[in-house]
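Observations on chain architecture
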Amino acid sequence: MTEVEVQKFRENEVDGETVHLGLTDSMLDHLFKGSFKKQAKFLQIVRQMQEPGHGEACPAQSNTQPKMGRGCVTATHSTEDMDTEEMHTITFQVLDVDAATSSQSFGRLPDVYVLPSFPKELQAKLDAKEEVQRVPQYRHKIIRVLHETVAMYTMYPTHAEYVKVAQALIRKYPFLKDVTGNGYHTWHMSLKRKFKTERAPLVQNDEVKLIKEKFAHGTKSKLPDAESPNNSLRTKPRSLLEEVGRIHSTASISFTDGFNQIVHKVLALAQGKSPLAKQYLEAREEALTEDLPGMDFRAALILLPIIFKESVDHHIMMGEGEHNTPYPIVQVTQEDWKSTFEGRSSCSLKVDRVEVCEGMKVEEAMISSFYSYFVFNLEYQPKNKNTLTFLQRCIAKINVKGDRPLPTTVTRVINLLF
């Protein structure tokens, strides 16, 4: 620490009690002006001192002082001037959060969350009021920085804390608002997914370990091991189904069996309502008889949104372009619907532009896309909400506490299909 920083600690009475109450981002910025590294290191040390197993008394603590906390933080400043060395040391205790429940207590965000500064290039664009949310690279950077600042307090933010951070972002940079809804929904969801992604490899983190044990319900999620946070999302469709089954015991074991019952009615209702339905009929005429059951199933899933007056484009993207959406999307490698209907196209599933599954047929990718809403705890995209609600309630048989009555549009279609 510099001598100026040491003096700031003394002038602002930053002691163990102050740290226990919580230092906001603006306070840390004042103490360590211009150094993210020192701010991050300081918070890391404080968190370590609050963990179980740090019960030693502080070196500077006299034997007569009551032992108030698990450890201490020592900040040192040294300067060398020829033969002399001056040492400035600040030592203070980190108070025990709650002795009775310390093993289950983790940090919470300060009541007032202050946005951090972003990397220089990104910050310059934000200051210029550029709509950087339209560029995936900058959107990812914003989410990464928000994640890093919140993770200093907890790896499991509450719903209210996610909202607090997302609202703070939109309040300071209103031009980053979502076009529809409350203005911050996609930022909220992206940050939530970022935490889920980052927690996956942290099996030795005490907080992550405790939360996993608390909510495991006696079983473990069979998600694959990963070498990096981004790769930790990549999995197999079967793993998504197993995870949904663990989360929702009411989920239907066989999505395929349930959907097969309505395939022909879906195809009949979709005819004449979209050019895509006509392309399917043309492809079907050239197909072999033994291929028709699989082809009909595939086409019914693809065309299902049409009978709810929703767009297939919100579920499937053709070609290798980049779809600027945080919601699950199926990406078909070829831009050829005929090959897709025939099951010859290779597909992948992306969530927030991160590839989750690859090398699938379109029907497998679409079912995985649906299940990913539950695995990653996402709200339905408004533009395809009716289709997804129908699949949830009538095909997958998933009941979620707080579900609203079915929309009139969905009810009408159900009456036609069953």
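Residues numbered from 1 in each chain as written. Predicted model: local features only at pLDDT ≥ 70, side-chain atom pairs only at ≥ 80, totals over all residues. Heavy atoms only, no water.

An unreviewed UniProt entry annotates the protein as Sterile alpha motif domain-containing protein 3-like of Phoxinus phoxinus.

From N to C terminus, the protein includes 18 helices and 6 strands. Within the protein, the proportion of its 418 residues that are buried is 47%. Restricting the contact set of the protein to residue pairs at least 6 apart, pairs at least 24 apart contribute 61%. (Helix = DSSP H or I, 4+ residues; strand = E, 2+ residues; numbered from the N terminus. Buried < 20%, exposed > 50% of the residue type's maximum accessible area, 1.4 Å probe, protein only. Contact = heavy atoms within 4.5 Å.)

Relative to the assigned elements, serine 190 resides in helix H8 (residues 185-199). When neighbours within four sequence positions are excluded, serine 190 is seen to be in contact with Arg139, Ile143, Pro326 and Asp352.

For the rest of this paragraph, the subject is the sheet that holds strand E3 (residues 316-318). With respect to topology, 4 strands assemble into an open sheet ordered E3-E4-E5-E6, the strand pairing being mixed. A strand with exactly one partner marks an edge of an open sheet, and here the two such strands are E3 and strand E6 (354-360). Going from strand to strand, the sheet's axes swing by 25° on average, the running direction of each strand aside. Relative to strand E5 (residues 347-351), strand E4 (residues 329-332) runs antiparallel, the two sharing 4 bridges. (Pairing = 2+ DSSP bridges. Axes fitted to C-alpha atoms, helices over the stretch in contact; angles between N-to-C directions.)

Moving on: the nonpolar core. Side chains of nonpolar character tend, in soluble globular proteins, to be buried together. In this structure, Phe255, Phe259, Ile302, Ile316, Phe370 and Phe390 are the most contacted members of the largest nonpolar core, which totals 61 residues. Examining the composition of this core, we find that 10 residues originate from one element, helix H14 (residues 292-307), more than from any other. Beyond its immediate chain neighbours, meaning those up to four positions away, phenylalanine 255 contacts Leu301, Ile367, Phe370, Tyr371, Leu391, Ile395 and Ala396. Membership of the second largest hydrophobic core comes to 44 residues, among which are Phe42, Leu126, Phe175 and Tyr184. (Core = buried A, V, L, I, M, F, W, Y, C linked by side-chain atoms within 4.5 Å.)

Let us now look at the pattern of salt bridges. Going through the model one piece at a time under the given rule, you end up with 8 salt bridges. When the shortest N-O distance is used, the salt bridge between arginine 144 and glutamate 148 registers 3.3 Å. You can see arginine 144 and its partner glutamate 148 sitting in helix H6 (residues 136-151), 4 residues apart, about one turn around the helix. Judged by relative accessible area, which is 32%, arginine 144 ranks as partly exposed. Judged by relative accessible area, which is 39%, glutamate 148 ranks as partly exposed. Here arginine 344 ties to glutamate 342 by a salt bridge, and the two come within 2.6 Å at their closest N and O atoms. You can call glutamate 342 partly exposed: its relative accessible area is 26%. (Salt bridge = Lys/Arg side-chain N within 4 Å of Asp/Glu carboxyl O.)

Turning next to the packing of H14 against helix H16 (residues 362-375). At a minimum axis separation of 9 Å, H14 and H16 run at an interaxial angle of 40°. As far as their axial angle goes, H16 and H14 are oblique. In the crossing of H14 with H16, the sense of the turn from one axis to the other is left-handed. Residue-level inspection shows Phe297, Arg298, Leu301 and Ile302 of H14 in contact with H16, the latter providing Val362, Glu363, Met366 and Ile367. (Parallel < 35°, antiparallel > 145°, perpendicular 65-115°, else oblique. Left-handed = near helix turned anticlockwise from the far one by under 90°.)

Turning to the environment of asparagine 182, a few remarks are in order. Here asparagine 182 lies in the loop between helix H7 (159-172) and H8. Residues asparagine 182 and glutamine 167 lie 15 residues apart in sequence; the distance between their C-alpha atoms is 9.5 Å. Within the structure, asparagine 182 has its side chain in polar contact with the backbone nitrogen of tyrosine 184 (distance 3.0 Å). Side-chain polar atoms of asparagine 182 contact the backbone nitrogen of histidine 185, separated by 2.9 Å. (Polar contact = N/O pair within 3.5 Å; in protein donor to acceptor, adjacent residues only side chain to side chain.)

With that settled, consider the pairing of E5. The buried count for E5 comes to 5 of 5 residues, which makes it a mostly enclosed element. Covered by surrounding structure in E5 are Cys347, Leu349 and Val351 together with Ser348 and Lys350, the residues of both alternating faces. Strand direction decides the pairing type here: E5 and E6, joined by 4 bridges, are antiparallel. Bridge pairing links lysine 350 to glutamate 355 in E6. Between E5 and E6, which pair antiparallel and follow one another directly, the connecting turn spans 2 residues, one of which, aspartate 352, has a positive phi of 55°.

Those residues of helix H18 (residues 408-417) not exposed but buried are Val410, Val413, Ile414 and Leu417. Seen from one end, H18 has its buried residues packed into an arc of 105°, which puts them on one side. Away from its buried face, by an angle of more than 90 degrees, H18 presents the exposed residues Thr408, Arg412, Asn415 and Leu416. In the core, the buried residues of H18 are packed alongside helix H12 (263-270), H14 and helix H17 (385-395). (Arc of directions from axis to C-beta.)

This paragraph deals with the environment of tyrosine 162. The residue tyrosine 162 is located in helix H7 in this model. Tyrosine 162 gets classed as buried once you look at its relative accessible area, which sits at 5%. On a C-alpha basis, the gap between tyrosine 162 and histidine 188 in space is 6.0 Å, while along the polypeptide they are 26 residues apart.

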